[in-house]
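# Descriptive structure summary
Given next are the chains, with one letter for each unit.
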Amino acid sequence: MEENSFLLAFGLTLFAGLSTGIGSSMAFFAKRTNTRFLSVSLGFSAGVMIYVSFVEIFAKAQDSLVGFLGTESGTWITVLSFFGGIALIALIDRFIPKAENPHEVELVEHMTEKERKRHNDKRLMRMGGFTALAIAIHNFPEGLATFTAAMNDPHLGIAIAVAIAIHNIPEGIAVSVPVYYATGSKRKAFILSFLSGLAEPVGAILGYLLLMPFMSPLVFGILFAGVAGIMVFISIDELLPAAREYGEHHLSVYGLIAGMAVMAVSLLMFI
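Residues numbered from 1 in each chain as written. Predicted model: local features only at pLDDT ≥ 70, side-chain atom pairs only at ≥ 80, totals over all residues. Heavy atoms only, no water.

### With respect to the pattern of salt bridges
One pass over the full model with this rule turns up 2 salt bridges. We note a salt bridge from K60 to D153, for which the minimum N-O separation is 3.4 Å. Pair noted here: K60 is in helix α3 (residues 35–69) and D153 is in the loop between α6 (121–152) and α7 (154–183), with a separation of 93 residues, a long-range link. Three or more residues are tied together by salt bridges with common partners; here these are E56, K60 and D153. (Salt bridge = Lys/Arg side-chain N within 4 Å of Asp/Glu carboxyl O. Helix = DSSP H or I, 4+ residues; strand = E, 2+ residues; numbered from the N terminus.)

See the structure below:
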């Protein structure tokens, strides 16, 4: 049973991480970015992550910690762990330069042949490489979040994996567009984008190897509360601003509400 849970959790994390390849493919086969689709999708992803973080993940973390430490101490540790997760992902984001931040909006049509001539190919390649590295750094905690949720509850893991996968699509565009125009090779751009997504399952495995030997209600509660904080920060700081940049304000809000509604129904039906 443990082995099946591990394989499912790893498979979901791998799927979420490698969705950067979907964004990369979109960059090569689309003349223009479907901004309305991305706006709704990113809003939907944020809605799923915010709802599940507060309603399910935070609650499970609190139950675990209260059961282990008592009501007062358990509640305090839950809240501190939640904000600790936010602090961790905010710190990672803080040290990534704005120009290479994978959550800065990038459109397929930004890199026309005219743009390529105007920019130095070496600079474009450097930008694509740094963006891939930035995505890899971001994907470590995201991978751990997906993996931990899936190990605890497969239905929850599936919902989070889908939300993370949607959020990884624009990141694939952000890597592949500058690399393609620097090298002229779709293959190189796709491979670099694809490899950057591998950091997600790598982060999951490292987290599993480091934490599982010490897993207890205390460690589980702290980890789960931290995961909730990470996902809330990603949603508010990255997904919603990107969703608004890609499309109309209302589209991102409609996507957000739809994501919350779908997550609410799935929790009622399957968990």
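### So, the environment of M263
Considering the arrangement of structural elements, one finds M263 in helix α11 (residues 249–270). M263 gets classed as buried once you look at its relative accessible area, which sits at 2%. Here the alpha-carbon distance between M263 and I160, two residues 103 residues apart in the chain, equals 9.6 Å. If sequence neighbours within four positions are ignored, M263 has contacts with V48, Y51, V52 and A159. (Buried < 20%, exposed > 50% of the residue type's maximum accessible area, 1.4 Å probe, protein only. Contact = heavy atoms within 4.5 Å.)

### Regarding a nonpolar patch on the surface
On the surface, F140, V202, L206 and L210 cluster together into a nonpolar patch covering about 350 Å² of accessible area. If you tally residues by element for the nonpolar patch, the top one is helix α9 (residues 199–211), at 3 residues. (Patch = residues over 30% accessible without salt bridge, like charges linked within 9 Å, V, L, I, M, F, W, Y side chains within 5 Å. Areas by Shrake-Rupley, 256 points an atom, 1.4 Å probe, with all protein chains shown as cover.)

### Regarding the confidence of the model for the chain
Mean pLDDT over the chain works out to 78, with 78% of the residues at or above the 70 mark. Per-element confidence in the chain ranges from a low mean pLDDT of 49 for helix α5 (residues 113–118) to a high of 92 for helix α4 (residues 71–94). Predicted confidence for residues 99–103 stays below pLDDT 50, and this span has 21 contacts to residues more than four positions away or in other chains. (pLDDT = per-residue confidence, 0-100.)

### Details of the side chain of S19
In this fold, S19 is placed in the loop between α1 (2–17) and α2 (20–29). Relative accessible area serves as the criterion here: at 2%, S19 is assigned to the buried category. Here F15 takes part through its backbone oxygen, which lies 2.9 Å from a polar atom of the side chain of S19. Not counting residues within four places of it along the chain, the set of residues in contact with S19 comprises A165, N168 and I169. (Polar contact = N/O pair within 3.5 Å; in protein donor to acceptor, adjacent residues only side chain to side chain.)

### Description of the nonpolar core
Looking at soluble globular proteins, one finds that nonpolar side chains tend to be buried together. Among the nonpolar cores identified, the biggest contains 45 residues, and M49, V52, I57, L156, I160 and M231 are the most heavily contacted of them. Those elements giving two or more residues to this core turn out to be α1, α3, α4, α6, α7, α9, α10 (217–246) and α11. For this core, the element with the most residues is α10, which contributes 13 residues. Grouped together as the second largest cluster of nonpolar side chains are 5 residues, L38, I169, I173 and Y181 included. (Core = buried A, V, L, I, M, F, W, Y, C linked by side-chain atoms within 4.5 Å.)

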